[in-house]
Amino acid sequence: MIMTKFATFAAVLGLTATSALAGGYVAPVVEVEPVVVEEQAASSNAGLVVPALLLLGVIAAVASDDDDS
């Protein structure tokens, strides 16, 4: 009876030891997708051009105003 318990214990110990030592550590491989940078076409900013032209028009109107009276 003691021999069967010892044989069972040895078999269980042998199976767990082989599964614990099977193979080695393999570092995980992380694939990185390349980053794509989309460049926008250069364009004039109408938000600044229109007020600048209006300001020049007002300055021209004030400068040309002749008040000879």
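Structure: above.
Residues numbered from 1 in each chain as written. Predicted model: local features only at pLDDT ≥ 70, side-chain atom pairs only at ≥ 80, totals over all residues. Heavy atoms only, no water.

The next subject is the overall build of the protein. Secondary structure assignment for the protein yields 2 helices and 0 strands. Within the protein, the fraction of its 69 residues that count as buried is 0%. Within the structure as shown, the protein displays about 7000 Å² of accessible surface, and the carbon and sulfur contribution to it stands at 68%. (Helix = DSSP H or I, 4+ residues; strand = E, 2+ residues; numbered from the N terminus. Buried < 20%, exposed > 50% of the residue type's maximum accessible area, 1.4 Å probe, protein only. Areas by Shrake-Rupley, 256 points an atom, 1.4 Å probe, with all protein chains shown as cover.)

A separate point is a nonpolar patch on the surface. Residues Val49, Leu53, Leu55, Leu56 and Ile59 make up a contiguous nonpolar surface patch of roughly 480 Å² in combined accessible area. By the secondary structure assignment, Ile59 is in helix 2 (residues 46-64). (Patch = residues over 30% accessible without salt bridge, like charges linked within 9 Å, V, L, I, M, F, W, Y side chains within 5 Å. Salt bridge = Lys/Arg side-chain N within 4 Å of Asp/Glu carboxyl O.)

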